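# Coordinate inspection notes
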Amino acid sequence: MHILVVDDFVLVELALAQVIQDTSHTLTGVRDPRSLPEVLSQGTRFDLALVDINFGPGVPTGLTAMRILRAESPETRIVIESTDEERNRLLFLLASFSFFEPLALMSKGRGLPGRTALVSVATPGRRSRRSSV
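The rules behind these values
- Residues numbered from 1 in each chain as written.
- Predicted model: local features only at pLDDT ≥ 70, side-chain atom pairs only at ≥ 80, totals over all residues.
- Heavy atoms only, no water.
- Helix = DSSP H or I, 4+ residues; strand = E, 2+ residues; numbered from the N terminus.
- Buried < 20%, exposed > 50% of the residue type's maximum accessible area, 1.4 Å probe, protein only.
- Areas by Shrake-Rupley, 256 points an atom, 1.4 Å probe, with all protein chains shown as cover.
- Lys, Arg positive; Asp, Glu negative; His and termini not counted.
- Charge placed at Lys NZ, Arg CZ, Asp CG, Glu CD.
- Arc of directions from axis to C-beta.
- Contact = heavy atoms within 4.5 Å.
- Salt bridge = Lys/Arg side-chain N within 4 Å of Asp/Glu carboxyl O.
- Pairing = 2+ DSSP bridges.
- pLDDT = per-residue confidence, 0-100.
- Core = buried A, V, L, I, M, F, W, Y, C linked by side-chain atoms within 4.5 Å.

If you tally the helices and strands in the protein chain, you get five helices and six strands. The N-to-C order of helical and strand elements in the protein chain reads β-α-β-α-β-α-β-α-β-α-β. Counting the 133 residues in the protein chain, one finds 46% classified as buried. Accessible area of the protein chain: about 6,900 Å², with a carbon and sulfur share of 53%. The distance from the centre of the 15 positive side-chain charges to the centre of the 15 negative ones in the protein chain is 7 Å.

So, on to helix H5 (residues 112-122). Taken together, the buried positions of H5 are occupied by Gly114, Arg115, Leu118, Val119 and Ala122. The buried residues of H5 all sit within an arc of 135° when viewed along its axis, so they share a single face. Tucked inside the fold, the buried residues of H5 contact strand S1 (2-6), helix H1 (10-20), strand S3 (48-52), strand S4 (77-82) and strand S5 (104-107).

In this section: the pattern of salt bridges. Tallying each qualifying case throughout the model produces five salt bridges. One salt bridge in this structure joins Lys108 and Asp7, with 3.0 Å as the shortest N-O distance. With Lys108 in the loop between S5 and H5 and Asp7 in the loop between S1 and H1, the pair connects residues that are 101 residues apart, well separated along the chain. There is no split in this pair, since Lys108 and Asp7 are both buried. Here Asp32 and Arg34 are joined by a salt bridge, their closest N and O atoms 2.7 Å apart. Look at Asp32 and you get buried, because its relative accessible area is 16%.

Before going further, it helps to examine the pairing of S4. Most of S4 is tucked away: six of the six residues are buried. Alternating positions in S4 separate into two faces, Arg77, Val79 and Glu81 on one and Ile78, Ile80 and Ser82 on the other, with burial throughout. Pairing analysis gives five bridges linking S3 to S4, with the strands arranged parallel. Within S4, the position partnered with Leu48 by the bridge is Arg77.

Confidence in the prediction of the protein chain, expressed as mean pLDDT, is 87, and 92% of residues score 70 or more. Looking over the protein chain, one finds the lowest element-wise mean pLDDT in strand S6 (residues 131-132), namely 46, and the highest in helix H2 (residues 36-40), namely 97. Every residue in residues 128-133 is under pLDDT 50, and counting partners more than four places away or in other chains gives 18 contacts.

Next up on the list: the side chain of Glu13. Tracing the sequence through the fold places Glu13 in helix H1. On the basis of relative accessible area, Glu13 is assigned to the buried category, the value being 16%. Residues in contact with Glu13, not counting those within four places in the same chain, are Val5, Leu27, Thr28, Gly29 and Arg31.

Nonpolar side chains in soluble globular proteins tend to be buried together. Formed by 21 residues in total, the largest nonpolar core has its most connected members in Leu4, Val6, Leu36, Val51, Met66 and Leu69. Secondary structure elements with two or more residues in this core: S1, H2, S3, helix H3 (62-72), S4 and helix H4 (89-99). Ranked by residues supplied to this core, first place goes to H3 with four residues. Discounting chain neighbours no more than four positions away, the residues touching Val51 are Val6, Gly62, Ala65, Met66, Leu69, Ile78, Val79, Ile80 and Glu81. The next biggest cluster of nonpolar side chains, apart from the first, holds 16 residues, and it includes Ile3, Val5, Leu16 and Leu48.

Put into structure tokens, the structure is as follows:
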């Protein structure tokens, strides 16, 4: 499975890399949604994308990342990542689930077991359904 992490904090990517280190899964990280078109144009088909909901001032939000993913890689399943104290979190989440129907919502505070469960559930061939991990 090819996994894409769209998050401004590299630690999110590193935590997931730790989860998949002994598997055949591959991981690509993007720090800014504006970099997505270039990454997606390289031909890799991503099975799963973990998308941060808020990147802070001056950077497009996770909604932009999800819009780009839907337009350029509609088969990619999306999991939203968020901290519990994100500014305008509820509005971002409502818009995300209304417009992009992500697979799940995962707190950035989830430990390795939560990330391991996410990868297991999202592995192709498993039945997809919305959930909170």
